[in-house]
Structure formats: structure tokens, C-alpha cells
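Residue strings, one per chain:
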Amino acid sequence: MTGSRVVALGHYQPAKVLTNHDLAAMVDTSDEWITSRVGIRTRHVGGPDEPVDELAAHAAAKALAGAGLQPADIDLVLVATSTAIDRSPSMSARVAARLGMGSPAVMDINVVCSGFTHALATADHAIRAGAATRALVIGADKMGDIVDWTDRTTCVLMGDGAGAAVVVADPDAGDRPGIGPVLWGSVPEMGNAVRIEGTPSRFAQEGQSVYRWATTQLPPIARKVCEKAGVTVEDLAAVVLHQANLRIIEPVARKIGAVNAVIARDVVDSGNTSAASIPMALSKLVERGEVESGAPALLFGFGGNLSYAGQVIRCP
């Protein structure tokens, strides 16, 4: 059966940077309070003239250039986002229009923080089934639009950005696929622990519940992702978890046991960018040369709906 692989990545963030000191002038907080609790120092925030589809299109254009492909070469566009304002046109349709694509299939996927890994699995499945040959998979969110900037417990967490991957058919994958099998699921009875609700929409969460769930329940699931891919955790070259906050990333990574892997910590500079966090962090690791081409990387998203999805990929 034809497999698939990621051949290029791209990322984009708005130019404006909001530091912890900037936030301290807005709400009752401090740099020490923020860094000690979530490990974040800066985050990028977009202005009113920078919609989500623009962030997504910039990241996508960079990924396409890295793959040596034209927009017309893509036959499937998947955008993972939870911050789309309009129901239609979809974010994926808007991105396709911005890039001047031909007639791709377009679909948005809203699984909040685990959206990108869900979308990547969906692209892999579509290619394996023969429904697509070249897919553009994007995670893009503008969390600054839905944060209550007067709530110091949540506004310190969030940032804006986009990350993208070009996924192509790989008929020679054999028993070493470029994208391994997905392991995904959710905890529906705890879905209210992360919410984007109301008019206007606002982000809220039960931080302690999310922390306990992530640090206790997710490490064994992440190890099962590696088992499904036929890779030992010791063989991993990189671990890219959803960049929720450093107090979750570091204990989860430690419990997974990937002792030889680079652990993505983009949250320190970018904050929690929801569906954008994994592709953005991976793109930066690859761009900086911190992981070699073909090396196995564990991608593992988790969060909203208390959902999770993970797979092992071979880095482009």
C-alpha cells in the first residue's frame, strides 16, 4: 500500500512580540510569576489586519517553496484551527484562494490543540486510500482574538501563529513509512476542561484538571504511539508535544523516556498557539538543523475536548 511522508515544513508568526513585562503593565502579573508557572517569556500576537488564513497562507507558502511545489500541485488542503470566525468559506478554502490553487479538496478540522496531528493523520489516510497525492496540512490559530486580556491566568499563555507541512505519496515506503500509524482518542466526560465558548468567544480552562490528565495519562499513550510505529522511545531523535506550557511538556517528555531526543520547547518564545504549536515547533527544529533528515520524531497533540493524537514521522 502507498504510504506518505512529510517533504517540507514552514512556519509563520506575526511581527509583534508581547513580553512578560508588557503583560505586567496590562494585568496583575510579573515575569517571575509567568516563567515560574508556565515557562513562557514571549508570545507573538497578530493585529486586526492579520486574519488566521493570512498566517496560514504564509506558513503554507514557505512549506511549498521548501518542497519545490507550486500551489496548483496540491490536491488536498487541511487546516486545523479553532479560531475561525466564519463558518463559510472555510479556513482551508480561504487559504487555497490566497495561494491561487486550482481545485483542491478543502476541509477544516477543529480538534483545538491536537488539531494538527489529527489533520496529518487524515492526510495520510487520504493518500493511502488513493483520494489524494499531495496534501497541504496546516495548523493555524489566532488565540489572541479569543483570550480575555484581563484574566491573568489565561492571557499569559496564548500566542498566534501557523505551521504547515507538505505531505506526498510515498509508494516505496514499505515497512518504514514516512508517517506512522496514528493513535488518537478523547475523554468526552472531561471535555469541558478546555472551552472556547460564548459571544464573543472566549478561552477558558480548568488548568489543574488538564495538568493532572496530561502528566499522568498521556505518557503511556505516547509510548504506545511509538510501539505502533515500530520505533523504540530510545530511537526517537525528537519529541514535539503540543506546546501547552513548560510545566506539562517537561514532565511528560521525561515520563515518555526518550532519553536521546531533542525536546521541542518553542512554548518559551511563542506561547501556546493551539493547533499551530506542533508544526511550528517542528519546522523550527528542522530549520535550525537540530534533527537530521529521515530521523524519527514523535508528534503528540493533546488538549481541547481532552483529545489526543500522535504519530511518529520521518523528518524531511
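Just so it is clear, the model here is predicted, and its values are computed rather than measured.

Calculation rules
Numbering of residues begins from 1 in every chain and follows the order in which that chain's sequence is written. pLDDT decides what is reported in this predicted model: residues at 70 or higher carry local features, side-chain atom pairs at 80 or more are listed and counted, and totals for whole chains, interfaces and linings draw on all residues regardless. Side-chain numbers here rest on the full set of heavy atoms in the structure, without hydrogens or water. Two rings belonging to Phe, Tyr or Trp (six-membered ring only in the last case) form a pair when the distance between their centres is within 6.5 Å. Interplanar angles under 30 degrees mark stacking, angles over 60 mark edge-to-face geometry, and anything in between is tilted. Burial here depends on accessible area, computed with a 1.4 Å probe over protein chains only, as a share of the maximum for the residue type. Under 20% is buried, over 50% is exposed, and the range in between is partly exposed. Definition used: whenever NZ (Lys) or CZ (Arg) falls within 6 Å of the ring centre and also within 35 degrees of the ring normal, the charge is taken to sit over that ring. By definition, two strands form a pair when at least two bridges between them are found by DSSP. Secondary structure elements follow DSSP: runs of H or I no shorter than four residues count as helices, runs of E no shorter than two count as strands, and numbering proceeds from the N terminus. For helices, the fitted line uses only the C-alpha atoms of the stretch in contact; every axis is such a line through C-alpha atoms, and the angle between N-to-C directions lies from 0 to 180 degrees. We call two residues in contact whenever any of their non-hydrogen atoms come within 4.5 Å of each other. The working definition used for a salt bridge is a side-chain nitrogen of Lys or Arg within 4 Å of a carboxyl oxygen of Asp or Glu.

(A) Just the packing of aromatic side chains, in detail. In the structure shown here, the tally under the stated rule is two aromatic pairs. Between Phe 300 and Phe 302, the ring centres sit 6.3 Å apart and the planes meet at 40 degrees, which makes this aromatic pair tilted. Here Phe 300 matches Phe 302 in class, with each residue buried. Between the aromatic rings of Phe 300 and Tyr 308, the centroid separation amounts to 6.5 Å while the plane-to-plane angle is 20 degrees, which identifies the pairing as stacked. A single burial state applies to Phe 300 and to Tyr 308, both of which are buried. By the ring-pair criterion, three or more aromatic residues cluster together here, those being Phe 300, Phe 302 and Tyr 308. Directly above the aromatic system of Trp 33 lies the positively charged group of Arg 152, at a separation of 4.6 Å from the ring centroid. When the ring centre of Tyr 211 is taken as origin, the NZ or CZ atom of Arg 247, which lies over that ring, is 5.3 Å away.

(B) Layout of the sheet that holds strand E6 (residues 134-142). In space, the five strands of this open sheet follow the order E1-E7-E6-E4-E5, with mixed pairing throughout. One side of each edge strand has no neighbouring strand; the edge strands of this open sheet are strand E1 (3-12) and strand E5 (105-109). Neighbour to neighbour, the strand axes of the sheet diverge by 20 degrees on average, direction disregarded. As paired elements, strand E4 (residues 76-80) and E5 share five bridges and run parallel to each other. When the bridges of E5 are listed, Val 79 appears paired with Asp 108. Packing against the sheet, helix H10 (residues 277-287) makes contact with E1, E6 and strand E7 (160-170), and its axis sits at approximately 90 degrees to E1.

(C) Representation of the pattern of salt bridges in the model. Enumeration over the complete set of coordinates arrives at 13 salt bridges. Two residues, Asp 31 and Arg 41, come together in a salt bridge whose shortest N-O distance is 3.9 Å. Of this pair, Asp 31 sits in helix H2 (residues 31-38) while Arg 41 sits in the loop between H2 and strand E3 (42-44), and the two are ten residues apart along the sequence. Owing to a relative accessible area of 22%, Asp 31 belongs among the partly exposed residues under this scheme. Note that Arg 94 is salt-bridged to Asp 86, the shortest N-O span being 2.7 Å. Residue classification places Arg 94 among the partly exposed positions, given a relative accessible area of 27%. Residue classification places Asp 86 among the partly exposed residues on the basis of a relative accessible area of 42%. A single network of salt bridges, built from pairs that share partners, joins Asp 53, Glu 54 and Arg 98.

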